[in-house]
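# Inside the fold
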Amino acid sequence: MVWAWLRMVMMVAVVLLPGGFPLLLAYVALRTLRSSWRRAQEEAQTRGRVVSLRDVVSTLHFKELVREARAAL
């Protein structure tokens, strides 16, 4: 529910504010990072390892960011 409200606020900000596009990019990047972090945590639990933020960021790809941007809109 919170993400739905945040998504609506982001869309209004992109339309109305001149600096809204970088805000949208930050939202998409955060959303992608969060989903990658969850996926990495699940994989690490099954293997008995510890995952770091560096590991997650190093596995991100631009196409994932584009896919999340499309899903956010």
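Refer to the structure above for everything that follows.
Residues numbered from 1 in each chain as written. Predicted model: local features only at pLDDT ≥ 70, side-chain atom pairs only at ≥ 80, totals over all residues. Heavy atoms only, no water.

### So, the side chain of S36
- With respect to the helices and strands, the residue S36 is situated in helix α2 (residues 20-47).
- The exposure class assigned to S36 is buried, which follows from its relative accessible area of 6%.
- Sequence-distant contacts of S36, defined by excluding residues within four places in its chain, comprise V56, L60 and E64. (Helix = DSSP H or I, 4+ residues; strand = E, 2+ residues; numbered from the N terminus. Buried < 20%, exposed > 50% of the residue type's maximum accessible area, 1.4 Å probe, protein only. Contact = heavy atoms within 4.5 Å.)

### Quick word on α2
- Between its terminal C-alpha atoms α2 stretches 41 Å, which fits the 40 Å expected from 28 residues at 1.5 Å a residue.
- Taken as a whole, α2 has its buried residues at G20, L24, Y27, V28, T32, S36, A40 and A44.
- G48, located one to two residues past α2, shows a positive phi value of around 75°. (Expected span 1.5 Å × (residues − 1).)

### Observations regarding the environment of R70
- Looking at the element boundaries, R70 is found in helix α4 (residues 62-72).
- Taking the relative accessible area as the measure of exposure, R70 reaches 68% and is therefore exposed.
- Note: C-alpha distance between R70 and W3 (67 residues apart in sequence) is 15 Å.

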